[in-house]
Amino acid sequence: MNEERMKVGIIGLDDMLGGGLISGSICAIIGTYGTGKTTFSLQFIWEGLKKGEHIIYISLEEREERILEYMMQKGWDVKPFLNKSLFVIKLDPTDFNLANNRIKNELPRLIKQVNARRVVIDPISLFEDLFDADSVRRQEMFRFVEGMRDQKCTIMMTSETDKDNAFSSRHALIEYLADTVILLRYVRPSDLTDVHLALEVVKMRMSAHSREIKPYEIQHDKVLVYSEANVF
Ligand SMILES: Nc1ncnc2c1ncn2[C@@H]1O[C@H](COP(=O)(O)OP(=O)(O)OP(=O)(O)O)[C@@H](O)[C@H]1O
Ligand SMILES: [Mg+2]
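Now for a description of the structure that goes with this document. The written sequence of each chain sets the order in which its residues are numbered from 1. Just so you know, chain letters begin at A and ligand numbers begin at 1, following the order they were written in. Only residues with pLDDT of at least 70 are given local features in this predicted model, and only at 80 or more are side-chain atom pairs given and counted; all residues enter the totals for whole chains, interfaces and linings. In computing side-chain properties, one takes all heavy atoms of the structure into account and sets aside hydrogens as well as water.

1. Observations regarding the side chain of Lys-203
Short version of the rule: What counts as a helix is a DSSP run of H or I of at least four residues, what counts as a strand is a run of E of at least two, and both are numbered from the N terminus. In protein, a polar contact means a hydrogen-donor-capable atom and an acceptor-capable atom, both N or O and within 3.5 Å, with residues adjacent in sequence counting only if both atoms are side-chain atoms; elsewhere, any N or O pair within 3.5 Å suffices.
Secondary-structure assignment places Lys-203 in strand 11 (residues 196-204). For Lys-203, the side chain forms a polar contact with the main-chain oxygen of Glu-175, separated by 2.7 Å. At 2.9 Å, the side chain of Lys-203 and the backbone oxygen of Ala-178 are in polar contact.

2. Here we look at helix 4 (residues 96-114)
Selection rule: Expected helix span is computed as 1.5 Å times (number of residues minus one). Fitting axes to the seven residues that end at a residue and to the seven that start at it, the angle between those axes gives the bend at that residue. Working definition: with a 1.4 Å probe on protein chains only, accessible area under 20% of the residue-type maximum means buried, over 50% means exposed, and in between means partly exposed. We call two residues in contact whenever any of their non-hydrogen atoms come within 4.5 Å of each other.
Across its 19 residues, helix 4 extends 25 Å between first and last C-alpha, which sits within 8% of the 27 Å expected from 1.5 Å per residue. If you look at helix 4, its biggest bend is around 45°, right at Glu-106, and the proline Pro-108 turns up within four residues after that. Taken together, the buried positions of helix 4 are Ala-99, Asn-100, Ile-103, Leu-107, Pro-108, Leu-110, Ile-111 and Val-114. Against the buried residues of helix 4 lie strand 4 (55-59), strand 5 (86-90), strand 6 (118-122), helix 5 (124-128) and helix 6 (134-149). Of the residues trailing helix 4, Asn-115 is marked for its positive phi of about 55°.

3. With respect to the site of ligand 1
The condition that has to hold: A molecule or strand has a residue near it when one of that residue's heavy atoms lies within 4 Å. Working definition of accessibility: Shrake-Rupley area with a 1.4 Å probe, residue cover restricted to the visible protein chains.
Around ligand 1 sit 13 residues in total, of which Gly-34, Gly-36, Lys-37, Thr-38 and Thr-39 are the nearest. In this structure, an oxygen atom belonging to ligand 1 sits 3.0 Å away from a main-chain N or O atom of Gly-36. Relative to its unbound accessible surface of 650 Å², ligand 1 loses 62% to contact with the protein. A total of three residues in the shell around ligand 1 trace back to one element, the largest contributor, which is helix 2 (residues 37-50).

4. What about unusual backbone geometry?
With the exception of glycine, the majority of residues adopt a negative phi angle, and the majority of peptide bonds are in the trans configuration. The residue after Asp-122, namely Pro-123, is reached through a cis peptide bond having omega -10°. Considering the arrangement of structural elements, one finds Pro-123 in the loop between strand 6 and helix 5. A positive phi angle, close to 50°, is found at Ala-172, a residue other than glycine. By the secondary structure assignment, Ala-172 is in the loop between strand 9 (165-169) and helix 7 (174-177). At Met-206, a residue that is not glycine, the phi angle is positive and equals roughly 65°. On the secondary structure map, Met-206 appears in the loop between strand 11 and strand 12 (214-218). Owing to a relative accessible area of 55%, Met-206 belongs among the exposed residues under this scheme.

5. With respect to the pairing of strand 4
Inclusion rule: A crossover counts as right-handed when, viewed with the strands pointing away from the observer, the path leading from the first strand over the helix to the second turns clockwise. For two strands to pair, DSSP has to find at least two bridges joining them.
Most of strand 4 sits inside the fold, with five of its five residues counted as buried. Here strand 4 shows two buried faces, one formed by Ile-55, Tyr-57 and Ser-59 and the other by Ile-56 and Ile-58. For the segment spanning strand 4, helix 3 (residues 64-73) and strand 5, crossover handedness is right-handed. Where strand 4 lies against strand 6, five bridges are found, and the strand directions are parallel. What sits directly across from Tyr-57, in strand 6, is Val-120.

The following block contains the structure:
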């Protein structure tokens, strides 16, 4: 396969993905609280901004100021890009009609309007929570993801894990819909040792990829995946 690749911008991870995400594909980052989902997604958009791409960041959790502050704290000067090539939108996940309308109807239009190359939704699980019935959620998410496939951008969605299963997203849906699934988790070798972070590329449609579990670190200015090291 020699599709065009889009680098996530995380050292080690792009190697595991065979060079990066396939351009135009949909990636899900799944992990429990604090594993770095938001940080991964911000590193992904910073990589795009540095390359002069246009970016849309939809946040259902953190406020716009907090996201910008977090990026500035990392030494990533995003201010010059704001509302020029970086569009950050905070959605209230408790307002069903508004969030639903903005994600399903306005987002596709906005992507075209600003010619976005990368889009992040962090976390998609709060959007999925809006639907009460499993069958409706499944249908709505399927339609939404299919609609996003027609766009020319590469999409990263994050999801919290199920409370009883660290290997599944909260609604066990996005991992089936996404083209690429990256699972983030804590590894506790024993009760008395440090907690480590480890990731795996669980799935990548139309591409060879690493199946190894690799340690990663969230550093003050970047995420680093130790693709040469072993966790166990
Ligand atoms: N400057 C920093 N240096 C080192 N580690 C950091 C720094 N800032 C954040 N972290 C680590 O990153 C973690 C938070 O990462 P992040 O917010 O991306 O996780 P998340 O998976 O999105 O969490 P949540 O599910 O709560 O939204 C913190 O718990 C901390 O361990
Ligand atoms: Mg987060």
